[in-house]
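Read off the chains here:
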Amino acid sequence: MPQTLSKNLDFFVAALSQTYVSALQLDPDGMYAQVGYGIIEKFSERYVRLKKYDGTVSHYDREITKFQHNKA
(Lines give C-alpha, C1' and ligand atoms only; values in the text may rest on other atoms or scores of the structure.)
Protein backbone atom coordinates (compact mmCIF):
# COMPACT_ATOMS: atom_id res chain seq x y z
CA MET A 1 0.00 0.00 0.00
CA PRO A 2 1.49 3.39 -0.94
CA GLN A 3 2.34 5.81 1.85
CA THR A 4 1.73 9.51 1.25
CA LEU A 5 4.49 11.88 2.31
CA SER A 6 3.20 15.11 3.82
CA LYS A 7 5.36 16.15 6.77
CA ASN A 8 8.97 17.31 6.61
CA LEU A 9 9.91 14.27 8.69
CA ASP A 10 8.39 11.97 6.01
CA PHE A 11 10.48 13.66 3.31
CA PHE A 12 13.60 13.54 5.50
CA VAL A 13 13.26 9.80 6.16
CA ALA A 14 12.61 9.06 2.47
CA ALA A 15 15.63 11.16 1.44
CA LEU A 16 17.88 9.59 4.05
CA SER A 17 16.86 6.05 3.08
CA GLN A 18 17.19 6.81 -0.66
CA THR A 19 13.63 5.60 -1.26
CA TYR A 20 12.14 6.12 -4.71
CA VAL A 21 9.14 8.44 -4.53
CA SER A 22 6.33 9.09 -7.02
CA ALA A 23 5.14 12.64 -7.71
CA LEU A 24 1.42 12.78 -8.54
CA GLN A 25 -0.68 15.72 -9.76
CA LEU A 26 -4.34 16.09 -10.64
CA ASP A 27 -5.16 15.70 -14.33
CA PRO A 28 -8.04 17.58 -16.04
CA ASP A 29 -10.46 14.79 -15.06
CA GLY A 30 -9.64 15.21 -11.35
CA MET A 31 -7.64 11.98 -11.09
CA TYR A 32 -4.07 11.77 -9.78
CA ALA A 33 -1.52 10.91 -12.47
CA GLN A 34 2.19 10.25 -12.00
CA VAL A 35 4.27 13.17 -13.30
CA GLY A 36 7.63 12.12 -11.89
CA TYR A 37 9.60 9.52 -10.00
CA GLY A 38 12.94 9.54 -8.23
CA ILE A 39 14.97 9.90 -5.07
CA ILE A 40 14.46 13.01 -2.95
CA GLU A 41 17.60 15.07 -3.35
CA LYS A 42 16.39 18.23 -1.59
CA PHE A 43 13.16 19.52 -0.11
CA SER A 44 11.81 22.68 1.47
CA GLU A 45 8.44 23.93 2.66
CA ARG A 46 7.55 24.76 -0.98
CA TYR A 47 9.41 22.40 -3.30
CA VAL A 48 10.79 18.88 -3.60
CA ARG A 49 13.64 18.03 -5.96
CA LEU A 50 13.63 14.46 -7.29
CA LYS A 51 16.60 12.83 -9.01
CA LYS A 52 15.66 10.25 -11.66
CA TYR A 53 17.50 7.06 -12.67
CA ASP A 54 19.33 8.89 -15.48
CA GLY A 55 20.59 11.64 -13.17
CA THR A 56 18.20 14.38 -14.31
CA VAL A 57 16.42 16.40 -11.64
CA SER A 58 12.92 17.86 -11.49
CA HIS A 59 11.31 20.25 -9.03
CA TYR A 60 7.74 19.86 -7.80
CA ASP A 61 5.57 22.30 -5.83
CA ARG A 62 4.40 20.68 -2.58
CA GLU A 63 1.04 22.52 -2.71
CA ILE A 64 -0.08 20.95 -5.99
CA THR A 65 1.81 17.65 -5.89
CA LYS A 66 1.16 14.52 -3.86
CA PHE A 67 4.19 12.37 -3.03
CA GLN A 68 4.01 8.64 -2.34
CA HIS A 69 6.27 5.67 -1.86
CA ASN A 70 5.55 2.00 -1.39
CA LYS A 71 6.07 0.57 2.06
CA ALA A 72 8.59 -2.22 2.20
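As the structure is a prediction and not an experimental result, all values here were calculated from the model.

## Considering helix α1 (residues 8–16)
Item 1. For α1, the complete set of buried residues consists of Phe11, Ala14 and Ala15. Taken down its axis, α1 places every buried residue within 100 degrees of arc, on the same side. What points out from α1, more than 90 degrees from its buried face, is the exposed set Leu9 and Leu16.
Item 2. On its buried face, α1 sits against β1 (2–5), β2 (20–26), β3 (32–43), β4 (47–51) and β6 (66–70).

## So, the nonpolar core
Item 1. Membership of the largest hydrophobic core is limited to 11 residues, which are Leu5, Phe11, Ala14, Ala15, Val21, Ala23, Ile40, Val48, Leu50, Tyr60 and Phe67.
Item 2. Listing elements by their share of this core, those giving two or more residues are α1, β2 and β4.
Item 3. Considering each element in turn, this core owes the most residues, three residues, to α1.
Item 4. Not counting residues up to four positions away in its chain, the partners in contact with Phe11 are Leu5, Ser6, Ile40, Phe43, Val48, Arg62 and Phe67.

## Digging into the environment of Asp54
Item 1. Take Asp54: it is sitting in the loop between β4 and β5 (57–61).
Item 2. Classification of Asp54 as exposed rests on a relative accessible area of 60%.
Item 3. A C-alpha to C-alpha distance of 9.7 Å links Asp54 and Gly38, two positions 16 residues apart in sequence.
Item 4. A distance of 2.7 Å separates a polar atom in the side chain of Asp54 from a polar atom in the side chain of Thr56.

Conventions and cut-offs
- Residues numbered from 1 in each chain as written.
- Predicted model: local features only at pLDDT ≥ 70, side-chain atom pairs only at ≥ 80, totals over all residues.
- Heavy atoms only, no water.
- Buried < 20%, exposed > 50% of the residue type's maximum accessible area, 1.4 Å probe, protein only.
- Helix = DSSP H or I, 4+ residues; strand = E, 2+ residues; numbered from the N terminus.
- Arc of directions from axis to C-beta.
- Contact = heavy atoms within 4.5 Å.
- Core = buried A, V, L, I, M, F, W, Y, C linked by side-chain atoms within 4.5 Å.
- Polar contact = N/O pair within 3.5 Å; in protein donor to acceptor, adjacent residues only side chain to side chain.

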